[in-house]
Amino acid sequence: AQKVTQAQTEISVVEKEDVTLDCVYETRDTTYYLFWYKQPPSGELVFLIRRNSFDEQNEISGRYSWNFQKSTSSFNFTITASQVVDSAVYFCALSEALDSGYALNFGKGTSLLVTP
Amino acid sequence: DAEITQSPRHKITETGRQVTLACHQTWNHNNMFWYRQDLGHGLRLIHYSYGVQDTNKGEVSDGYSVSRSNTEDLPLTLESAASSQTSVYFCASSESVGFSYNEQFFGPGTRLTVL
C-alpha cells in the first residue's frame with residue numbers, strides 16, 4: 001500500500017532560521033510522482049512542486065529547495081531564511097496508481113510556525 | 001482566469017438530512033476529485049472521476065455519492081448526513097496527459113458541520 005509519512009507534526013522556528021520538513025514515502029510503483037502543497041491559515045491548498053521518480057536532481061525555487069533521494073525514499077523540503085508568511089501546514093503527497101488513472105495519497109502534514 | 005469553485009463555503013445541517021456540495025471548474029480538466037480533511041488525518045480521497053459518466057470510490061466513500069454529467073461539475077452528495085461527516089471538504093481537478101501525474105488544483109474548501 002502507498003504510504004506517506006511526515007513525522008514532524010509541528011515545528012516552530014524564529015524568523016530567518018532555516019527549516020527542513022521531512023517526507024518519507026513507500027510505494028511499489030516504478031514510476032511515481034511526489035508533490036508538496038502549502039496550506040496557509042486561510043485554508044486553501046497551494047501547489048508547490050511536482051517531482052517524478054526518474055529525476056533525482058534537487059530543485060531550488062527562491063528560498064525553497066527540495067531534496068529527493070530515492071535510496072532513502074525521502075523527499076524533504078527546506079525553507080531558507082524563514083519568514084512569518086511561511087507559517088502554514090505543509091503536505092507531502094505521492095501519486096497512487098488507480099484502475100483508470102491516479103490519485104494523490106497525502107501525508108498528515110507538518111504545521112510550521114515562524115515567529116518574529 | 002480558469003478556476004475551481006466550491007459552494008457553499010460553509011454549511012450547517014442536521015443528522016439524517018441529504019446534503020449536496022457543489023464543485024465547478026473552468027480548467028476543462030477531465031480528472032476531478034473529492035477529499036475530506038480532518039485533524040490528524042490529512043486529506044483523504046472520497047470519490048474521483050476521470051471523465052463524464054465516470055465515477056469511482058476512494059478510501060472513505062461510505063455515505064457519499066457523486067455524479068458526473070458534464071466536464072465542469074462534480075457534486076458530492078451526503079445521502080444521510082452523520083456527525084462523523086463533519087469535516088472540511090476539498091474538490092480538486094487535474095489535467096490528463098497520457099500517464100503523467102499532473103498536479104491537482106484545489107478549490108477553496110467547504111466547511112460542513114453536522115449537528
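Scroll up to find the structure this text is about.
Along each chain, residue indices are assigned from 1 in the same order as the chain's sequence is written. Chains and ligands are labelled by the order in which they are written, letters from A for the one and numbers from 1 for the other. Local features in this predicted model are restricted to residues of pLDDT 70 or higher, and side-chain atom pairs are both shown and tallied only at a pLDDT of 80 or more, whereas totals for entire chains, interfaces and linings draw on every residue. Side-chain measures were taken over the full set of non-hydrogen atoms in the model, leaving aside hydrogen atoms and water.

Draft legend 1. Representation of the packing of aromatic side chains. For this analysis, a ring pair means two rings from Phe, Tyr or Trp (six-membered ring only for Trp) whose centres lie within 6.5 Å, classed as stacked if their planes differ by under 30 degrees, edge-to-face if by over 60, and tilted for the remaining angles. Under the counting rule described, the total for this entry stands at 21 aromatic pairs over all chains. Ring geometry for Tyr37(A) against Phe106(B): centres 5.3 Å apart, planes inclined by 85 degrees, an arrangement best described as edge-to-face. Of this pair, Tyr37(A) sits in strand β5 (residues 33-39) while Phe106(B) sits in strand β10 (residues 105-106), which puts the two residues in different chains. Buried means the residue's accessible area, taken with a 1.4 Å probe over protein chains only, is under 20% of the maximum for its type, while exposed means over 50%, and partly exposed covers the values in between. Under the relative-accessibility criterion, Tyr37(A) is labelled buried at 0%. Judged by relative accessible area, which is 10%, Phe106(B) ranks as buried. The structure contains a cluster of three or more aromatic residues connected by ring pairs, namely Tyr37(A), Phe47(A), Phe91(A), Phe106(A), Phe33(B), Tyr35(B), Tyr48(B), Tyr50(B), Phe90(B) and Phe106(B). Counting from the N terminus, the helices are the DSSP runs of H or I reaching at least four residues and the strands are the DSSP runs of E reaching at least two.

Draft legend 2. Summary view of the pairing of strand β8 (residues 64-69) of chain A. Residues and elements named next belong to chain A. Note: two strands are recorded as paired if DSSP finds a minimum of 2 bridges between them. Bridge count between strand β7 (residues 59-61) and β8: three bridges; the pairing is antiparallel. Along β8, the bridge assignment pairs Ser61 with Tyr64. Hairpin connection of β7 to β8: two residues between the antiparallel strands, including Gly62 at a positive phi of 65 degrees. Pairing analysis gives six bridges linking β8 to strand β9 (residues 74-79), with the strands arranged antiparallel. When the bridges of β9 are listed, Asn67 appears paired with Asn76. In this structure, the hairpin formed by β8 and β9 is closed by a connection of four residues, where Ser73 is found at a positive phi of approximately 50 degrees.

Draft legend 3. Fine view of the environment of Thr86(B). Residues and elements named next belong to chain B. Position of Thr86 among the secondary structure elements: in the loop between β8 (76-78) and β9 (87-94). The partly exposed category is assigned to Thr86, whose relative accessible area is 32%. Excluding residues within four positions of it along the chain, Thr86 makes contact with Arg36, Asp38, Leu112, Thr113 and Val114. Under this definition, polar contacts are N or O atom pairs within 3.5 Å; protein pairs additionally need one hydrogen-donor-capable and one acceptor-capable atom, and for neighbouring residues in sequence, both atoms have to be side-chain atoms. A distance of 2.9 Å separates a polar side-chain atom of Thr86 from the backbone nitrogen of Val114. The contact rule is simple, with two residues in contact once any of their heavy atoms fall within 4.5 Å.

Draft legend 4. Seen up close, the side chain of Ser53(A). Residues and elements named next belong to chain A. By secondary structure assignment, the location of Ser53 is in the loop between β6 (46-52) and β7. A polar contact of 3.3 Å, which involves the side chain of Ser53, links it to the backbone oxygen of Thr30. Those residues in contact with Ser53 that sit more than four places away from it in its chain are Thr30, Thr31, Tyr32, Phe68 and Lys70.

Draft legend 5. Just the layout of surface pockets, in detail. Here the largest pocket defines a volume of roughly 440 Å³. Along the walls of the largest pocket sit 21 residues, with Val89(A), Phe91(A), Ser111(A), Gln37(B) and Leu39(B) positioned nearest its centre. Going through the elements one at a time, β10 (88-98) and β12 (110-115) of chain A together with β4 (31-38) of chain B are the ones with two or more residues in the lining of the largest pocket. Take the lining of the largest pocket: its biggest share by element is three residues, from β10(A). Taken together, the residues of the lining of the largest pocket sort by class into seven nonpolar, eleven polar and three charged. The distinction between a cavity and a pocket rests on a 1 Å grid over the protein atoms alone: a 1.4 Å probe fits inside a cavity but cannot get out, while a pocket stays open yet meets protein on both sides within 12 Å along at least five of seven lines, and a residue with an atom within 4 Å of a point counts as lining. Grid points are joined across faces, edges and corners, and a volume is the space filled by probe spheres set on the points. A volume near 210 Å³ is recorded for the second largest pocket. Taken together, 13 residues form the lining of the second largest pocket, with Val4(A), Asn105(A), Phe106(A), Gly107(A) and Lys108(A) sitting closest to its centre. Going through the elements one at a time, β1 (3-5) and β11 (101-106) of chain A together with β5 (42-51) of chain B are the ones with two or more residues in the lining of the second largest pocket. Residue contributions to the lining of the second largest pocket peak at three residues, all from β1(A). Residues are grouped as follows: Ala, Val, Leu, Ile, Met, Phe, Trp, Tyr, Cys and Pro are nonpolar; Asp, Glu, Lys and Arg are charged; every other residue, Gly included, is polar.

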